Amino acid sequence: MFQPKKKRPRIRKTMSGLIALTLLSSLILPSVAGAEPEPSQVQFANVSVQAGQTVHVPVALKKSYFGVKAYNMQIDYDTSALEIVRITPKSSNAITTSPNEEGVADFQYEINNEEGWVRIIWVDFTGGNNPIVDEQQMFDIEIKAKNNATPGTKQLSVDQTDSEHWHFTNVEHGSYTELSGGTITITAANSGGDNSGSTPTPNPDNSSGGGGGSVSPTSPVVTPVPATPAVTKGVDIYVNGQKQEQSATATTSTVNNQVTTTIHVDNAKVINQIGSGLRTLLLPMTGTGKGAVVGELNGKLVKTMEGSNAEVVIQTDSGTYTLPANQIQVDQIHNQFGGTTPLEDITIQIAIVPSATSKQTAIQEAADKLENTTVIAAPVDFEVKAIWNGQQVNVDRFNAYVERSITLPEGVDGSKITTGVVLQPDGSLLHVPTKVIKGNGQDSAIINSLTNSTYALIYHPATFSDVTNHWSRDDVQDLASRLIVQGTGENVFAPDRSITRAEFTAVLLRGLGLHAPRSTEAASFTDVKTGSWYEDEVQTAVSYGLISGYADDSFRPNSEITRAEALTIVSRAMKLVGLAQADASETTSLLSTYSDSAKVQVWAAEPVASAIKQELVQGADGKLMSDADISRAQSAAIVKRLLAKAGLI
């Protein structure tokens, strides 16, 4: 950008000096007489921030016909609620100085938190060869909401009628420039160390640089202010089980009474060491107690791991998160950031965070509403984020089940865990596939899920008087203790009663831990009424490809479901959990052992054979009875066998 031997003039860092710099740019880059002004568009991001925390506000040039060669602006703000922490230039190769620094710069700024303004100026000294162009971020404002700030909205404002406060020079002419955005929404500070479950996020400018299938829209990065100085030390990580010394550092700080340790991987060193043979990257961080742990990689390393079908493992005192790199889907994240950013500039954070006080309270309140339910161990949040240039993408949905574990407190017997649960937005608790693993001294609960969320462990023993001597007793009571099936009345399950299509779909979804649609595409069945209890279940099942309805566009939710229909839905779920299905030759062989195999309709042949192959059904008296209605007990047994066969429970 610059010619190193060319001496540039020194500009005083005063208001008049800053303005003089933009006026100087008009002499350096003469305008074209008679050119028609083309309005440029500048956008301040609209952001939200908790009182006592900081937030980054990206300022970008959204539109400019010729590109901007120079600008100056004064941004005013309410000092009763806000203060500016720093200004960081983002235009290519910009050299910056503040009023407290010496030297000449292309980008200069002055902050006055007493009067509530910040003055910013930038000039392209290369003669117009490096203007700021469309969709390019100009600079970043780091703003803190004061501890005593009142919840509400504040506006970053500019007096655009005063050229000393707002002036842009186009490469070809002086340009009228429009401004939008700049709303700061302040929310109340949490008490008792409540961080609302969000992972403290380092300033992306100091970093080294979902789900898989679904990532949330980009949002500004909120940077909490550490209450204690950060402490950094070297840590060992493991590649394919082999210790890699000096390949990572760990930084520990305290924010809102939450101790957070961030493991910064030396991405280039790991890539060079592993070549194409990486299978597992283990980031162990124990001894932090109940603190949060964040593993930090860049997009280039994640992409390398994706090509090797590798996984990253974060191991902490609270639990372990095992995430296949291909479930992060870094290409999708890259596209959301514009598609031109170098992958090494994108930071991927994988975090295990003790849940906020508010979530712990919500989980306990939900458990209190359930009969005979105890919360075991503190709930934990599992998070994946991508950060670039002051923007953040949350990776919260995956294409395959992702495993994470919660370590039980010392002295807690794993047999006292009936299931893991996820906290829903409405405050309810729903089952997620969970199994307990015995350990040396401490047991762990292994949870598999297609999403990221807040997870807790509960003990919810359930019995029914009418299954005490029934063949399905163990299956029914196990699923009831997992919140998958429910009774029909006072301590009654009605095991031999038939089950409707809507009821079977709901039971299967609860067993699989599918509690929300994976897409926004609406199901269009003519007989699924808006507001019905099964509306959401049908929508979710359609989005995961589990149900398709009839040719007349009906679903028939209240009709009894046959064994063939139920097994067809189950066979589709088998794909989701990774169980092999029967091929054509196997189908004929598997069905031939049953005397009524000829009654199995063509559309149901492979699904029924697949269920036989995975030992989900056995038949009775040598018959499949595919056209018979399936009972509540049989439904429970099939769903339990499906989950157990897939290793989810």
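For the structure itself, look to the data block above.
Computed from a predicted structure; not experimentally measured.

Student: Explain the layout of surface pockets to me, please; I cannot follow it from the model alone.
Tutor: Gaps left between atoms show up when a probe the size of a water molecule is rolled over them. Here the largest pocket is characterised by a volume of approximately 780 Å³. Leu370, Leu483, Val485, Gln486 and Arg510 are, among the 30 residues lining the largest pocket, the residues nearest its centre. Considering only residue class, the lining of the largest pocket consists of 13 nonpolar, eleven polar and six charged.

Student: Whenever I open this one, the side chain of Asn267 confuses me. Can you help?
Tutor: Tracing the sequence through the fold places Asn267 in helix 2 (residues 267–274). Here Asn298 takes part through its backbone nitrogen, which lies 2.7 Å from a polar atom of the side chain of Asn267.

Student: How should the pattern of salt bridges be read in this particular structure?
Tutor: Under the counting rule described, the total for this entry stands at 18 salt bridges. Residues Arg482 and Asp478 are paired through a salt bridge, measuring 3.2 Å at the closest nitrogen-oxygen approach. A single burial state applies to Arg482 and to Asp478, both of which are buried. Its salt-bridge partner being Glu503, residue Arg497 comes within 3.4 Å of it at the nearest N-O pair. By relative accessible area, Arg497 is classed as partly exposed at 39%. Bridged by salt links that share partners, the residues Asp475, Asp478, Arg482 and Lys640 form one connected network.

Student: Explain the pairing of strand 26 (residues 397–407) to me, please; I cannot follow it from the model alone.
Tutor: Sheet faces and side chains relate simply in a regular strand, where the side chains alternate between the two faces. Here strand 22 (residues 319–324) runs beside strand 26; their pairing, made up of four bridges, is antiparallel. For Thr322, the partnering residue across the bridge sits in strand 26 and is Glu403. Pairing of strand 26 with strand 30 (residues 444–451) involves seven bridges; the strand directions are antiparallel. Its bridge partner lying in strand 30, Val402 is registered against Ser449.

Student: Would you explain the packing of aromatic side chains in this entry?
Tutor: Each pair of aromatic rings is reported with the distance of its centres and the angle of its planes. Enumeration according to the criterion identifies twelve aromatic pairs in this entry. The interplanar angle of 20° and the centroid separation of 5.3 Å between the aromatic rings of Tyr71 and Phe168 together place this pair among those described as stacked. Of the two residues, Tyr71 sits in strand 4 (residues 68–76) while Phe168 sits in strand 11 (residues 166–170), which places them 97 residues apart along the sequence. Residue Tyr71 is classed as buried on the basis of its relative accessible area, which comes to 0%.

Student: Any chance you could explain the pairing of strand 23 (residues 347–354) here in plain terms?
Tutor: With respect to burial, strand 23 is a largely interior element, eight of its eight residues being buried. Where burial is concerned, the two faces of strand 23 agree: the one with Thr347, Gln349, Ala351 and Val353 and the one with Ile348, Ile350, Ile352 and Pro354 are both buried. With eight bridges joining them, strand 23 and strand 24 (residues 374–388) adopt antiparallel strand pairing. The residue bridging Val353 from the neighbouring strand is Asp381, located in strand 24.

Student: Got a minute to help me understand the packing of helix 9 (residues 563–577) against helix 12 (residues 632–645) in this structure?
Tutor: The packing of two helices is summarised by the inter-axis angle and the distance between the axes. At their nearest, the axes of helix 9 and helix 12 sit 11 Å apart, and the two run at 20° to each other. Taken together, the axis directions place helix 9 and helix 12 in an arrangement best described as roughly parallel. Helix 9 and helix 12 meet at a crossing whose hand is right-handed. Contacts from Arg563, Leu567, Val570, Ala573, Met574 and Val577 of helix 9 reach helix 12 at Gln634, Ile638 and Leu642. A per-class count over the contact of helix 9 with helix 12 returns seven nonpolar, one polar and one charged.

Cut-offs and rules
Residues numbered from 1 in each chain as written. Predicted model: local features only at pLDDT ≥ 70, side-chain atom pairs only at ≥ 80, totals over all residues. Heavy atoms only, no water. 1 Å grid on protein atoms, 1.4 Å probe; cavity = no way out; pocket = protein on both sides within 12 Å on 5 of 7 lines; lining within 4 Å. Points joined across faces, edges and corners; volume = space filled by probe spheres on them. Nonpolar A, V, L, I, M, F, W, Y, C, P; charged D, E, K, R; others polar. Helix = DSSP H or I, 4+ residues; strand = E, 2+ residues; numbered from the N terminus. Polar contact = N/O pair within 3.5 Å; in protein donor to acceptor, adjacent residues only side chain to side chain. Salt bridge = Lys/Arg side-chain N within 4 Å of Asp/Glu carboxyl O. Buried < 20%, exposed > 50% of the residue type's maximum accessible area, 1.4 Å probe, protein only. Pairing = 2+ DSSP bridges. Phe/Tyr/Trp six-rings, centres within 6.5 Å; stacked < 30°, edge-to-face > 60°. Axes fitted to C-alpha atoms, helices over the stretch in contact; angles between N-to-C directions. Parallel < 35°, antiparallel > 145°, perpendicular 65-115°, else oblique. Left-handed = near helix turned anticlockwise from the far one by under 90°. Contact = heavy atoms within 4.5 Å.

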